[in-house]
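Reading the structure
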Amino acid sequence: MSATDGAGPAAAAAEVVRLERLCDQVLAGLGAGAGIEAQVIATASRWGLTRFANSGIHQHVGEHTVTVSLQAAFDGRVAAASTSRTDDAGLYELVQRVEGAAAVRPVDPEWPGVTPPTDVADVDHADPATHEPAPAARAAHVEAFVAAGESTRAAGYVDAAGTRTVFANSAGHHATGSWTRATIDGIHQTTTSAGKGHQTSRRLGALDGGATGRRAARLAADSADAGDLEPGRYAVVLSPECVATIAQFLAFYGFNAKAHLEGQSFVELGEQQFDEAFQLWDAALDDRALGLGFDAEGSPKRRLQLVTDGVTGNLAHDRRTAGRAGTQTTGHAIAGGEVYGPVPTNLFVGAGDAPDVGALVAQVDRGLLVTELNYCRVLDPRTQVVTGLTRNGTFLIERGEVTRPVTNLRFTQSFVEGLGPGRLLAATADTRFADGEFGPGMVHCPAVRLASWNITGGARG
Amino acid sequence: MVPDATPDRRAQQTVTGRRQVRQGTPVGCATTTRRGRLFDYAEAAVQGALDAGATYADARALLSREEAVFARDGLIESLRTDEHAGVGVRALMGGAWGFFATNDLTEASARSAGQQAATIARASAMVPFPDVSLTDVPVVQDSYETPHDEDPFAVAISEKADLLVGVTTAMREVDGIAVARATQRSWSTEKWFVSSQGHRISQRLVECGGGMDATAVGDNETQRRSYPQAFGQYATGGYEIIRDFDLPAHAPRIAEEAVALLSAEECPTAESDLVLESSQLALQIHESVGHAIELDRILGWEAAFAGTSFLDLAKLGSLRYGSELMNITADATLPRALGTFGYDDEGTPAQQVDIVRDGTWVGVLSGRDSAHIAGLPPGGMVRADGYNRLPMVRMTNVGIMPGDSSLDEIISETRDGVYMSTNRSWSIDDKRLNFQFGCEIAWEVKNGRRGRMLRNPTYTGITPVFWSKLDMLAGPDEWVAWGTPNCGKGQPMQVAHTGHPATPARFRNVRVGVRG
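Below: a short report on this structure. From a predicted model like this one, the values you see are computed outputs, not experimental measurements.

Rules used throughout
- Residues numbered from 1 in each chain as written.
- Chains lettered and ligands numbered in written order.
- Predicted model: local features only at pLDDT ≥ 70, side-chain atom pairs only at ≥ 80, totals over all residues.
- Heavy atoms only, no water.
- Helix = DSSP H or I, 4+ residues; strand = E, 2+ residues; numbered from the N terminus.
- Rg over C-alpha atoms; globule rule 2.2 N^0.38 Å.
- Areas by Shrake-Rupley, 256 points an atom, 1.4 Å probe, with all protein chains shown as cover.
- Lys, Arg positive; Asp, Glu negative; His and termini not counted.
- Charge placed at Lys NZ, Arg CZ, Asp CG, Glu CD.
- Contact = heavy atoms within 4.5 Å.
- Buried area = accessible area lost by both parts, 1.4 Å probe.
- Polar contact = N/O pair within 3.5 Å; in protein donor to acceptor, adjacent residues only side chain to side chain.
- Nonpolar A, V, L, I, M, F, W, Y, C, P; charged D, E, K, R; others polar.
- Axes fitted to C-alpha atoms, helices over the stretch in contact; angles between N-to-C directions.
- Parallel < 35°, antiparallel > 145°, perpendicular 65-115°, else oblique.
- Left-handed = near helix turned anticlockwise from the far one by under 90°.
- Core = buried A, V, L, I, M, F, W, Y, C linked by side-chain atoms within 4.5 Å.
- Buried < 20%, exposed > 50% of the residue type's maximum accessible area, 1.4 Å probe, protein only.
- Salt bridge = Lys/Arg side-chain N within 4 Å of Asp/Glu carboxyl O.
- Pairing = 2+ DSSP bridges.
- Phe/Tyr/Trp six-rings, centres within 6.5 Å; stacked < 30°, edge-to-face > 60°.
- Lys NZ or Arg CZ within 6 Å of the ring centre and 35° of its normal.

**Some words on the overall build of chain B**
In terms of helices and strands, chain B carries eleven helices and 24 strands. Taking 516 residues into account, the globule formula puts the C-alpha radius of gyration at 24 Å, and chain B, at 25 Å, falls close to it. The principal-axis extents of the C-alpha atoms in chain B amount to approximately 75 × 60 × 45 Å. Put simply, chain B shows about 17700 Å² of open surface, and 48% of that area lies on carbon and sulfur atoms. Of note, chain B has its 50 positive side-chain charges centred 5 Å away from the centre of its 66 negative side-chain charges.

Okay, structure coming up:
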């Protein structure tokens, strides 16, 4: 196995054929019969990561892995298993484990059955050059990022991931897809401060380590020797990173149909829960999106409008929640979704018309400019009250200008209330992939200006 | 992109998505993985790295299995087993690390992985890090297995399912409960470790645990109670751990408490004496001590993601971390605790290290490379989440030594305070200083007695200030090694299993009742 054997068209084709054989082998091992339903997902992943700290590369890793996941129902008795052992023995034991577990499980009255043969869009979210780049290509981005700070220390990572997936089930439904993602994410640090830069793209070659590093170094320098700030309510300008975190929390805890069915979601369909300027949708097939065109149940992904002009419109469903709610899946099943529910992971937040973050700052009489939200935790899912901290560059805005850096601040704030009617005052026209609390590549969004944010603590406690 | 070589398949898929299952090799005549070969694969990986120029290499061949049973509202929600097998190899070349992993368990693939690790290490020289050197450790050839009475994988899944279905049914029988959940998880992790220095260590770690929770939904909020702790209690050992929980005995109580919380008074906003139940103190230790004392964070290696630490090595041995009641150790040898093992993933023997002694900071969590930089003995605290992840400094069992009081005595000696139990939310800044925790439940304490129930309790503080307020600590009878199976760190996020011995404790004048 060489460092480049997965990138070319012939290698890609061979790998997909191999994954299909794995799926077929597992389905054949289960055997056909009345009352037996099964779905298999075989995934081949190539992933390389270059981490740096104290301005040098300190962790540098790569992996080639293949995993096979099986979920099967025997007259409604359901079990699931996965393995990375793809030889005959591993696949045999995979089937045995599922059969053995299902045999002792009661019938699942909510088993929705497997996905029938369905059109799946032929999306291509993969960049062959990113599928398996040489480690030196990642290191070159690191080199540029580090060099962007003259007197600062840099830390962060560059990674490139490529995945090929084959889905097959006992109903004859089949889907194949591949996608790539590359990210540069890092900070520059002074002795008293840090600033962050981030880029995510389908293509490693589209990243700009120098530009990302310069943004981080400038934020670090600007936020040096920060002072504390009294708790209270402040107007805020939030970077795309902050907006991504908010969108992810709304999606995971709110637009998740399982949470809604259990009465644990804030979502009230058809209600004006957000500012009329707020638009939120999920669109895996968007030209800018990352990921596959089908979900963990093999269902096709299509655009799902979650919030239109501030009115909550739809929930994300998988087959199980759709069955309970008497509707159709929206293609948002995730692995483990029987426990966690369906989750939108290709989110887009609507843009505004402000030319840049500076224009948002200019509109604020007194408030905060926040680079990143950190360590966010939900205090109550129903109200979406979340506590967390600011990080990597927080600044006081006075009379339309940034006047001084402030220390990292703790907030305790309802995300729904923060975006509520009358509170989303402006957004930038530019949108980009931003790094949120649940990771990069999930949210494409602008920077925003909000009327109020509840700061509950600072460096003194 | 669907490969060009199979246009017929793409066309077929786009039109209907339907495809006939081709008959692959039938599954049914296989043999199990030959464990005896796994040392060979690890050795091949190390040799591959050395042949490619590495000055040091180590490799872990690994076979791990997890079984998870989730129940909800009297039904089995999920029943699954996951298995991972592969080899990961770490190579040191020119003072820089490279790492590569593959699930293809053959000698040729393992050797290739070693070569890849060396290639990656060579590329690190483009942006050099201070040269890595390893502190010496004993070269060991040994084996270790977690002591256990009843292998959790030998217990019928039906028995586990019946237990969880039963307790979730019992919780749902309490009026007002909207969701009742229960979980059991078991892990078996077998590792074969080889280093170019001559280590050859096999281990089997056995872990299991679980728990249950009940959620009540009110007009505009939810309330949840859990047992034995939030997200369940986990330990190293056999199924006897789960039997000891006696989940059925606690199901009605926690369900009734969840419902009662909906109508309880809100925790007041105040500066108050704070009594913490031991599982919450365990998480307080995890977040405000355990992560802060990780040497890689102190050295800045995790700065971008997990953050650094407020601790400065120049103050090791003199910094006041808390009151004199505060004695913290990191003990990877503690029986049954979740952070217990025989050897870490660098082949260093498990050991106990003093971290805070009589309130003064005296120790760190370290591995061979970080200890060398700091001039400290290696702590044997480096572990990886699977064969395909790079080992890094992780907590073992970081816990507080018991005092000489009891929860009853703490309550009886508190005039005006709040007693909080069971974690609900946790957040702390990137230097491990500014924290805010929420708990599931609290009770007012007035004149030495536990009073009315309080909902939505939270408290906040700054780490060394908070620990300086510790003034009462329960004794050995109430000392519990709580397990945290979801400790996240690193990029990509690696999950580690850590343990945190703790007792109930009291802290004076803490800010409670932070509102959103």
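On we go from here.
**Describing the interface of chain A and chain B**
Counting residues at the interface gives 110 residues for chain A, matched by 103 residues for chain B. Summed over both sides, the interface between chain A and chain B buries roughly 9000 Å², with carbon and sulfur atoms accounting for 51% of that surface. Our count for the chain A to chain B interface comes out at 47 residue pairs in polar contact (both at pLDDT 80 or more). The element best represented in the side of chain A that touches chain B is helix H1 (residues 9–30) of chain A, accounting for twelve residues. Tallied by class, the residues present in the side of chain A that touches chain B amount to 50 nonpolar, 37 polar and 23 charged.

**Details of the packing of H1(A) against helix H2 (residues 88–103) of chain A**
Residue and element names in this part refer to chain A. Contact geometry for H1 and H2: axes closest at 10 Å, N-to-C directions at 45°. Classified by the interaxial angle, the pair formed by H1 and H2 is oblique. Every pair of crossing elements has a handedness; the one defined by H1 and H2 is right-handed. From H1, Leu22, Gln25, Val26, Gly29 and Leu30 reach across to H2, where they touch Asp88, Leu91, Leu94, Val95 and Glu99. The class makeup of the residues in the contact of H1 with H2 is six nonpolar, two polar and two charged.

**A closer look at the nonpolar core**
Residues and elements named next belong to chain B. Ranked by internal contacts, the top residues of the largest apolar core, which has 62 residues, are Leu281, Val289, Tyr321, Met420, Tyr459 and Trp467. Looking at which element gives the most residues to this core, the answer is helix H7 (residues 278–290), with five residues. Grouped together as the second largest cluster of nonpolar side chains are 56 residues, Ala71, Leu164, Ala180 and Ile242 included.

**A few points about the pattern of salt bridges**
Opposite charge on two side chains permits them to pair, given that their charged atoms come into close proximity. Across all of its chains, the model carries 60 salt bridges over all chains by this definition. For the salt bridge of Arg85(A) with Glu83(B), the shortest nitrogen-to-oxygen distance reads 3.1 Å. Taken together, the positions of Arg85(A) in the loop between strand E3 (77–83) and H2 and Glu83(B) in strand E2 (residues 75–93) put the pair across two chains. The same class applies to Arg85(A) and to Glu83(B), which are both buried. One salt bridge in this structure joins Lys196(A) and Asp185(A), with 2.7 Å as the shortest N-O distance. With a gap of eleven residues between them, Lys196(A) in strand E6 (residues 194–201) and Asp185(A) in strand E5 (residues 174–189) connect regions that are remote in the sequence.

**Topic: the sheet that holds strand E11 (residues 347–349) of chain A**
Residues and elements named next belong to chain A. Read across the sheet, six strands follow the order E10-E9-E8-E11-E18-E17 without closing on themselves; strand pairing throughout is mixed. Here the strands that pair on one side only, and so sit at the sheet edges, are strand E10 (311–312) and strand E17 (432–436). Alignment of strand E8 (residues 280–282) against strand E9 (residues 304–308), held across three bridges, turns out to be antiparallel. Looking across to E9, one finds that Leu280 is bridged to Val307.

**Quick look at the packing of aromatic side chains**
Aromatic ring pairs are described here by two measures, namely the spacing of the ring centres and the angle between the planes. Enumeration according to the criterion identifies 28 aromatic pairs over all chains in this entry. With 5.8 Å between their ring centres and 20° between their planes, Phe415(A) and Trp453(A) make a pair best called stacked. Here Phe415(A) is found in helix H11 (residues 415–418), whereas its partner Trp453(A) is found in strand E19 (residues 448–457), with 38 residues between them in sequence. Overall, the relative accessible area of 1% leaves Phe415(A) in the buried class. Through a chain of ring-to-ring contacts, the aromatic side chains of Phe249(A), Phe252(A), Tyr253(A), Phe411(A), Phe415(A), Phe438(A) and Trp453(A) assemble into a single cluster. One residue, Arg90(B), lies across the ring of Trp97(B), its end atom 4.0 Å from the ring centre.

**Some points on the packing of helix H4 (residues 135–147) of chain A against helix H5 (residues 209–222) of chain A**
Residue and element names in this part refer to chain A. The N-to-C vectors of H4 and H5 enclose an angle of 35°; their axes lie 7 Å apart at closest approach. The element H4 and its partner H5 pack so that their crossing is right-handed. Where H4 abuts H5, its residues His141, Ala144 and Phe145 lie against Gly209, Gly210, Thr212, Gly213 and Ala216. Across the contact of H4 with H5, the residue classes break down as three nonpolar, five polar and no charged.

**Focus on the sheet that holds strand E12 (residues 352–357) of chain B**
Residues and elements named next belong to chain B. Spatially, four strands are ordered E13-E12-E11-E16 in an open sheet, and the strand pairing comes out antiparallel. In this open sheet, the two strands that pair with only one neighbour each are strand E13 (360–361) and strand E16 (398–400). Relative to E16, strand E11 (residues 328–331) is paired through three bridges, and the arrangement is antiparallel. Counted as the bridge partner of Ile328 is Ile400 from E16. Those strands touched by H7 are E11, E12 and E16, and its axis lies near 120° from that of E16.

**Structural notes on the side chain of Gln71(A)**
Residues and elements named next belong to chain A. Mapped onto the elements of the fold, Gln71 is located in strand E2 (residues 56–74). What makes Gln71 buried here is its relative accessible area of 17%. If near-sequence neighbours (up to four positions away) are discounted, Gln71 is found in contact with Glu37, Ala38, Gln39, Val78, Ala79, Ala80 and Trp111.

**A short note on the pairing of strand E24 (residues 505–512) of chain B**
All names here are of chain B. Relative to E24, strand E10 (residues 270–276) runs antiparallel, the two being bridged by six bridges. Following the sheet pairing, Leu274 is matched in E24 by Phe507. Sheet topology places strand E20 (residues 458–462) next to E24; two bridges connect them, and they run antiparallel. Each bridged residue has a counterpart across the sheet, and for Thr460 the counterpart in E24 is Arg511. The pairing of strand E21 (residues 470–473) with E24 spans three bridges and is classified as antiparallel. Considered in E24, the bridge of Leu473 is made with Ala505.

By themselves, these are just geometric observations and shouldn't be taken as functional.
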